[in-house]
Each structure stands twice: as C-alpha cells, then as structure tokens.
Amino acid sequence: MKTCLVVDDSSVIRKVARRILEGFDFRIIEAEDGEKALDICKRELPDAVLLDWNMPVMDGYEFLRNLRLMPGGDQPKVVFCTTENDVAHIARALHAGANEYIMKPFDKDIVTAKFHEIGLI
C-alpha cells in the first residue's frame, strides 16, 4: 500500500484529500504544517505528498526545499495543492522539486488526473 502525506493547515482540506486518496488505496498521514510534515518524513518517507503552500510555522515551499535535501528526499512525488495560481509561484514550486501543481478548490477528478500523470495511480 502506498502512503500519502497530506500537509495542509485546514482540517477540512485534509479530510477531503483523505477521502479521495483512500479510494485509491493510499494510507494517509496528516500534518498541519511543514515542520510537522518534515518530522514525519524523517521517520518515514511517504510515496506521495499533497502539499499546501500557505501554512503557519513552515510553509510548503520551505518544506519542499528541506525534503529534497534529505537522504532519499528526492523519491516522494510532491503535488502542490494551493490557491497560489500565478506563473511565478508555479515556476518556483516546480523549480524547488514539485512534480505537479493543482489549484484549490479541487475534486476527485483533478486529483486523479494529476496523480495518474506522475505515476502514483
């Protein structure tokens, strides 16, 4: 079973993502900020990360930069999931090592398409 770390400060977004991804047989781990997510990754690297950009303590961009520097941190597929939709944000995320980018609000079809594109389902 593949593991997906859902990182978002909104419990509602985490719950929606959990429901969608459990439908694809993912085991879900949740974190409400980048710092907690990084601690989880130090113990167990997930197969995938669904990552919010704007969060307290450590934002998604900083988390991604730290993840990619960890031993094995190049392995998890990272999908940014955020309201930030300008080209500069998208380019910055992809340059930092994100594999894909989706906009909030999202639905099952969008998540399915993006996870399929990067080989997770």
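Residues numbered from 1 in each chain as written. Predicted model: local features only at pLDDT ≥ 70, side-chain atom pairs only at ≥ 80, totals over all residues. Heavy atoms only, no water.

Caption draft 1: Highlighting the side chain of Asp 52. With respect to the helices and strands, the residue Asp 52 is situated in the loop between strand S3 (48-51) and helix H3 (60-69). A polar atom in the side chain of Asp 52 sits 3.2 Å from the side chain of Lys 104. (Helix = DSSP H or I, 4+ residues; strand = E, 2+ residues; numbered from the N terminus. Polar contact = N/O pair within 3.5 Å; in protein donor to acceptor, adjacent residues only side chain to side chain.)

Caption draft 2: How the structure looks around the packing of helix H2 (residues 34-43) against H3. Where H2 meets H3, the axes come as close as 9 Å, and the angle between the chain directions of the two elements is 20°. Taken together, the axes of H2 and H3 lie roughly parallel to each other. Relative to H3, H2 is oriented so that their crossing is right-handed. Taken together, the residues of H3 that come into contact with H2 (itself represented by Gly 34, Ala 37, Leu 38 and Cys 41) are Phe 63, Asn 66 and Leu 67. (Axes fitted to C-alpha atoms, helices over the stretch in contact; angles between N-to-C directions. Parallel < 35°, antiparallel > 145°, perpendicular 65-115°, else oblique. Left-handed = near helix turned anticlockwise from the far one by under 90°. Contact = heavy atoms within 4.5 Å.)

Caption draft 3: Just the UniProt feature "modified residue: 4-aspartylphosphate" (unreviewed entry) in the protein chain, in detail. Feature annotation in UniProt assigns "modified residue: 4-aspartylphosphate" (unreviewed entry) to the following positions: Asp 52. When neighbours within four sequence positions are excluded, Asp 52 is seen to be in contact with Val 7, Asp 8, Asp 9, Gly 60, Phe 80, Cys 81, Thr 82 and Lys 104. (UniProt positions renumbered as here; feature names shortened; annotations may be inferred.)

Caption draft 4: Up close: the nonpolar core. Within the largest apolar cluster, 24 residues are counted, with the highest numbers of intra-cluster contacts made by Leu 5, Val 7, Leu 51, Phe 63, Leu 64 and Phe 80. Mapped onto this core, the elements with two or more residues apiece are strand S1 (3-7), strand S2 (27-31), H2, S3, H3, strand S4 (77-82) and helix H4 (87-96). Dropping the residues within four chain positions of it, Leu 64 is found in contact with Leu 51, Val 78, Phe 80, Ala 93, Ala 96, Gly 97 and Ala 98. Membership of the second largest hydrophobic core comes to 17 residues, among which are Ala 48, Val 111, Ile 118 and Leu 120. (Core = buried A, V, L, I, M, F, W, Y, C linked by side-chain atoms within 4.5 Å. Buried < 20%, exposed > 50% of the residue type's maximum accessible area, 1.4 Å probe, protein only.)

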